[in-house]
Amino acid sequence: MNSQADTSTTLEQLADILAARKSASPDSSYVASLHHKGLNKILEKVGEEAVETILAARDTAEGKDSQALISEVADLWFHTLVMLSHLDLSHQQVLEELQKRFNISGLVEKASRPTKS
Ligand SMILES: N=c1c2ncn([C@@H]3O[C@H](COP(=O)(O)OP(=O)(O)OP(=O)(O)O)[C@@H](O)[C@H]3O)c2ncn1[C@@H]1O[C@H](COP(=O)(O)O)[C@@H](O)[C@H]1O
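Residue numbers restart at each chain and count upward from 1, following the sequence in its written direction. Selection of residues for local features in this predicted model requires a pLDDT of at least 70, selection of side-chain atom pairs for listing and counting requires 80 or more, and totals for whole chains, interfaces and linings are taken over all residues. Remark: hydrogens and water are excluded; side-chain values derive from all non-hydrogen atoms of the structure.

- Naming follows an unreviewed UniProt entry, where the chain appears as Phosphoribosyl-ATP pyrophosphatase of Pseudohongiella nitratireducens.
- UniProt positions are given in the numbering used here, feature names are shortened, and annotations may be inferred rather than shown by experiment. Entered under Subcellular location (unreviewed entry) in the UniProt record, the comment concerning the chain runs "Cytoplasm".
- UniProt lists a comment for the chain under the heading Sequence similarities (unreviewed entry), and it reads "Belongs to the PRA-PH family."

So this is what it looks like as structure tokens:
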């Protein structure tokens, strides 16, 4: 990583801001405006940012500036965090899910799934 910024509490800080925005005026806050527009608008933004991330990754693979990809991934993460907040879920639950998966190979996990009939 190039940056020296302390990012260890970034998700907690952002989650606190997003929680506070749930009761803010949609005229003064982008996040409040998303909550005001509702889940479908938030999901539309998540989809948009996912597509923009894919396109930026392709551009990066072809030698274009990777900063555009970093920026799109930040937009995608941000909008998924708004989605979780809108549904009263926490990024902490996602981190715990990832933590549980440490040392479990994706291939082993997939092989252990019940066979589809
Ligand atoms: N991290 C972000 C963040 N990342 C992206 N964005 C916004 O997400 C939007 C999506 O980008 P687009 O290019 O799709 O925007 P757009 O075309 O105007 O969107 P649409 O009109 O199509 O919906 C832009 O308006 C960005 O400014 C963010 N807006 C807010 N935050 C964080 O949320 C906090 C609260 O923001 P407010 O609620 O606006 O005070 C901020 O202090 C930041 O910490």
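**Section: the overall build of the chain**
- Scanning the chain from N- to C-terminus turns up six helices and zero strands.
- Strands are runs of DSSP state E lasting at least two residues, helices are runs of H or I lasting at least four, and both sets are numbered from the N terminus onward. When the helices and strands of the chain are placed in sequence order, the string is α-α-α-α-α-α.
- Atoms considered for the radius of gyration are the C-alpha atoms alone. The globule rule reads 2.2 Å times the number of residues to the power 0.38. For a compact globule of 117 residues, the expected C-alpha radius of gyration is about 13 Å, and the chain comes in at 17 Å, more than 25% above that figure.
- By principal-axis analysis of the C-alpha atoms, the chain measures approximately 50 × 40 × 35 Å.
- Looking at the chain residue by residue over its 117 residues, the buried ones come to 21%. A simple rule labels every residue: compare its accessible area, found with a 1.4 Å probe on the protein chains alone, to the largest value its type can have, and call it buried under 20%, exposed over 50%, or partly exposed in between.

**Description of the packing of helix 2 (residues 30–37) against helix 3 (residues 39–61)**
- Two numbers describe how helix 2 lies on helix 3: the axes approach to 5 Å, and their chain directions differ by 120 degrees. The angle between the axes of helix 2 and helix 3 places the two elements in the oblique class. Listed contacts from helix 3 to Tyr30, Leu34, His35 and Lys37 of helix 2 are Lys41, Ile42 and Lys45.
- Each residue gets one label: Ala, Val, Leu, Ile, Met, Phe, Trp, Tyr, Cys and Pro are nonpolar, Asp, Glu, Lys and Arg are charged, and the others, such as Gly, are polar. Counted by class, the contact of helix 2 with helix 3 contains three nonpolar, one polar and three charged residues. Between the N-to-C directions of two axes lies an angle of 0 to 180 degrees, each axis being a line fitted to C-alpha atoms and, for a helix, fitted only over the stretch in contact. Throughout, the term roughly parallel applies to angles under 35 degrees, roughly antiparallel to angles over 145, roughly perpendicular to angles from 65 to 115, and oblique to all others. Here, two residues are considered to be in contact whenever any of their heavy atoms come within 4.5 Å of each other.

**Points about the layout of surface pockets**
- Cavity means a closed set of points on a 1 Å grid over the protein atoms alone, one where a 1.4 Å probe fits but cannot get out, pocket means an open set with protein on both sides within 12 Å along at least 5 of 7 lines, and lining means a residue has an atom within 4 Å of a point. Grid points are joined across faces, edges and corners, and a volume is the space filled by probe spheres set on the points. For the largest pocket, the calculated volume is near 300 Å³.
- Lining of the largest pocket is provided by Thr10, Leu11, Leu14, Gln67, Ile70, Val73, Ala74, Trp77, Phe78 and Leu81.
- Broken down by secondary-structure element, the contributors of at least two residues to the lining of the largest pocket are helix 1 (10–21) and helix 4 (67–86).
- In terms of residue count, the dominant contributor to the lining of the largest pocket is helix 4 (seven residues).

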